[in-house]
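For reference, the chains in residue letters:
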Amino acid sequence: MKETSKKVLFWALMFMGVFLLLTQVGYSDGDDAFFYQYTHEMGFLEYLSWRYTTWVGRMSGEAMVYAAFTLGIWFWRVVNAMMIVLLPCGVLKLAEKAAGIRTERFLAGPTLTVVCGYLLMAIMTVGYAAIWINGSIFYTWSFTCGIWALIPVADIVFDTGVGNYSIPCAILASMSIDQMAAVLLTFEVLAVLVAAVRQYGCKKHPGKNERIRNILLIAQTAVTVVAFIILFLAPGN
């Protein structure tokens, strides 16, 4: 079997396993009932405005909550299964870039190890952050977006790729959960400093591709800063 096929098969099987588990999960009392009620009573912008002025500035998270509760539980099951799979997949990619590994081979040992990271957490932690509908959106979805927003940043720092930036992922992460926003912004700023040192600290003039990478990095960092500010300026905070 080709190495790419092994990768696809592994992550597809994990997705199916997680999805089957999530088919047994339904709406809970408390927060799920609260969000279900108000997302069905209000329009999208009305809901976001109400949450921003009276509760918290996590607008991307609230937008994902609105989408998940209005589109229905099957939509959440599919997307949440994808996010649970993409989180360890993204962590593995970051580790490969930090280690300078460039291979198309299916690394069975590291892949299984990073997936088993879920087993290192308390069952209640996994339940509240990945299986509970409301909690999974604010935590698993947000942290997954943050990890994938960091991957192109790692491309710059470790010089392992072309740096195709993911500004949508950066926005979803930085306006969903404060901790992820702080982590993402910190590493983006550090990456900008690394790029500046490389560009102005060496005599070699940067090529066109490198200049484009640096511009995209600065753009993603600027967007994250703006989202971070909007999050913390919310009257509801």
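These remarks concern the structure in this document.

About the criteria used
- Residues numbered from 1 in each chain as written.
- Predicted model: local features only at pLDDT ≥ 70, side-chain atom pairs only at ≥ 80, totals over all residues.
- Heavy atoms only, no water.
- Phe/Tyr/Trp six-rings, centres within 6.5 Å; stacked < 30°, edge-to-face > 60°.
- Buried < 20%, exposed > 50% of the residue type's maximum accessible area, 1.4 Å probe, protein only.
- Lys NZ or Arg CZ within 6 Å of the ring centre and 35° of its normal.
- Core = buried A, V, L, I, M, F, W, Y, C linked by side-chain atoms within 4.5 Å.
- Helix = DSSP H or I, 4+ residues; strand = E, 2+ residues; numbered from the N terminus.
- Contact = heavy atoms within 4.5 Å.
- Salt bridge = Lys/Arg side-chain N within 4 Å of Asp/Glu carboxyl O.

### Side note on the packing of aromatic side chains
Right, so step 1: One pass over the full model with this rule turns up 17 aromatic pairs.
Right, so step 2: Their ring planes at 85 degrees and their centres at 5.0 Å tell us that F10 and W11 sit as a pair that is edge-to-face. As far as burial versus exposure is concerned, F10 and W11 are alike and both buried.
Right, so step 3: Since its relative accessible area comes to 19%, F10 is described here as buried.
Right, so step 4: Aromatic rings pair up to connect Y27, F34, F35, Y36, Y38, F44, Y47, W50, Y66, F69 and F138 into one cluster.
Right, so step 5: Here the guanidinium or amino end of R51 rests over the ring plane of W50, the centre of that ring lying 5.7 Å away.
Right, so step 6: Positioned above the aromatic ring of W74, the side-chain terminus of R77 is 4.4 Å from the ring centre.

### Overview of the nonpolar core
Right, so step 1: Counting 51 residues, the largest nonpolar core has W11, M14, W76, I137 and W141 as its most contacted members.
Right, so step 2: Here the element with the most residues in this core is helix α5 (residues 73-98); it accounts for 10 residues.
Right, so step 3: With near-sequence residues (within four places) excluded, I137 lies in contact with G61, M64, V65, A68, F69, W76 and S142.
Right, so step 4: Core analysis: the second largest hydrophobic core is formed by 6 residues, Y165, A191, A195 and L217 among them.

### Some words on the pattern of salt bridges
Once the charged atoms of two side chains with opposite charge are near each other, the side chains can pair.
Right, so step 1: In this structure the tally under the stated criterion is 3 salt bridges.
Right, so step 2: In this structure, R51 engages E62 in a salt bridge whose closest nitrogen and oxygen atoms are separated by 3.0 Å. In this pair, R51 is assigned in helix α3 (residues 44-54) and E62 in helix α4 (residues 59-71), connecting sequence segments 11 residues apart.
Right, so step 3: Classification of E62 by relative accessible area gives buried; the value is 1%.
Right, so step 4: Between R58 and D178 there is a salt bridge, with its nearest N and O atoms 2.8 Å apart. Residue R58 is located in the loop between α3 and α4, and its partner D178 is located in helix α10 (residues 178-201); the two are separated by 120 residues in the primary sequence.

These values are about where atoms sit, not about what they do.
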